[in-house]
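# Residue-level structural notes
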Amino acid sequence: MYEYSNKSERKLIVRFFSSIGFIATFSMASLAFINSSYLLACTLVVSSFVYLLAFSISRGVEKSGTIILYNLYALMFYLVLTGGAQGTGPIWIFIVSPVTYSIRGLKRGTFDIILFLLAIVLGFYCADTFNIYDYSPEQFPIRIILAFIIVASLSGYYEFSREKYSSKIIALSQKNEFLATIDPLTNLPNRRYTMNKLVAFKSELKDNNTPFVILLADVDNFKKINDQFGHDFGDEALIQLAKTFDKSIPKNAIGSRWGGEEFLIVIPNATVEQGEQVAEKIHNALKASAVSLFSDSTNITLSIGVISASAERSIDLDIKRADELLYKAKAQGKNRTCSS
């Protein structure tokens, strides 16, 4: 199966081909029986029940696909070897390449089709050498083989184009998904991404008592910075702040842009005291590094609220509590941390 198909799609493909295979072979078996071709009828009945077996295997998608293909190959080899009904058996081999590529994908499908082609050549050779069936005219087997190679090549090219297009769509989808979770200015995770992580951390807290700490930070006097130095300088301040977070927070922590000049940091497996230490590290880093753009330069500061998430509170209440502590820090003079 091609690797980018999800399980439900692959299961649908396998069930579709097994259903069609069962209906087609059982119908032809009935016609063969009516026409007194009992050996052909028995062969087709066995093949139809193999397709039914593949349909009934609901969990093993790969196994079902393999059963469908090799049952098809065996039936095609038999039809080539014996001529089928009045020498028309070989014309059925043209369904092999689209079925193979649909189930196997390009690489594995091409390998299987090459093996199948060798088997068909062997079938024609054995039919002629051992007088099993006399194809007339003599050029018939060669023309069938050449036509099959052309059809298989076209099917392979179509599969190549389809896989290439699907890969582009998947890559674009992944890129869009990534962009949807990243703040374009600071390249930090955005609110949407962080909320999903908070839900996961809260679940771990409730189920396994795994603690985590929330730091909610706001840039002090950000409006004055924009008014004095301009919005480009304000953007540069936020970008530098994001870089400071990258250097200051633990590797397993998440530093995100919560909105505007407000940032939220989540530290898993941490206590409030450890959260305070991270906050102090950020304060010191900002104090030691001024924001500069062209001829303008200034130090920015943060007010930070630190809380330990509670299993009894909702995420919204945790953030509300951190926000209350943040504004307590601002009321006490800014550029400081308040914790629960």
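Anything mentioned here points back to the structure above.
In short, a report on the structure.

So, on to the overall build of the protein chain. What the protein chain contains, in helices and strands, is 11 helices and seven strands. Taking 340 residues into account, the globule formula puts the C-alpha radius of gyration at 20 Å, and the protein chain, at 34 Å, lies well above it. Along the first, second and third principal axes, the C-alpha set of the protein chain runs to 100 × 50 × 25 Å. Each of the 340 residues in the protein chain was classed as buried or not, and the buried ones make up 42%. The long-range share in the protein chain, meaning contacts at least 24 apart out of those at least 6 apart in sequence, stands at 70%. In the protein chain, 34 positive and 31 negative side-chain charges are present, and the distance between their average locations comes to 2 Å.

Here we take up a nonpolar patch on the surface. On the surface, F26, V45, F49 and L52 cluster together into a nonpolar patch covering about 320 Å² of accessible area. Among the elements that make up the nonpolar patch, the one with the highest residue count is helix α2 (residues 38-56) (three residues). For V45, the location among the structural elements is in helix α2.

Counting buried positions over the seven residues of strand β3 (residues 262-268) gives seven, a clear majority of the element. Taking every second residue as pointing to the same face, both faces of β3 are buried, with E262, L264, V266 and P268 on one and F263, I265 and I267 on the other. With seven bridges joining them, strand β1 (residues 212-219) and β3 adopt antiparallel strand pairing. Along β3, the bridge assignment pairs L215 with I265.

Right, let's talk about the sheet that holds strand β6 (residues 302-308) for a bit. One open sheet holds the five strands; their spatial order is β2-β3-β1-β6-β7, and the pairing between them is mixed. Only two strands of the sheet have a single partner each, and these edge strands are β2 (254-259) and β7 (337-339). Pairwise comparison of adjacent strand axes, ignoring direction, gives a mean angle of 20° for this sheet. Two elements, β6 and β7, share three bridges in a ladder whose sense is parallel. Considered in β7, the bridge of I304 is made with T337.

So, how was this worked out
- Residues numbered from 1 in each chain as written.
- Predicted model: local features only at pLDDT ≥ 70, side-chain atom pairs only at ≥ 80, totals over all residues.
- Heavy atoms only, no water.
- Helix = DSSP H or I, 4+ residues; strand = E, 2+ residues; numbered from the N terminus.
- Rg over C-alpha atoms; globule rule 2.2 N^0.38 Å.
- Buried < 20%, exposed > 50% of the residue type's maximum accessible area, 1.4 Å probe, protein only.
- Contact = heavy atoms within 4.5 Å.
- Lys, Arg positive; Asp, Glu negative; His and termini not counted.
- Charge placed at Lys NZ, Arg CZ, Asp CG, Glu CD.
- Patch = residues over 30% accessible without salt bridge, like charges linked within 9 Å, V, L, I, M, F, W, Y side chains within 5 Å.
- Areas by Shrake-Rupley, 256 points an atom, 1.4 Å probe, with all protein chains shown as cover.
- Salt bridge = Lys/Arg side-chain N within 4 Å of Asp/Glu carboxyl O.
- Pairing = 2+ DSSP bridges.
- Axes fitted to C-alpha atoms, helices over the stretch in contact; angles between N-to-C directions.

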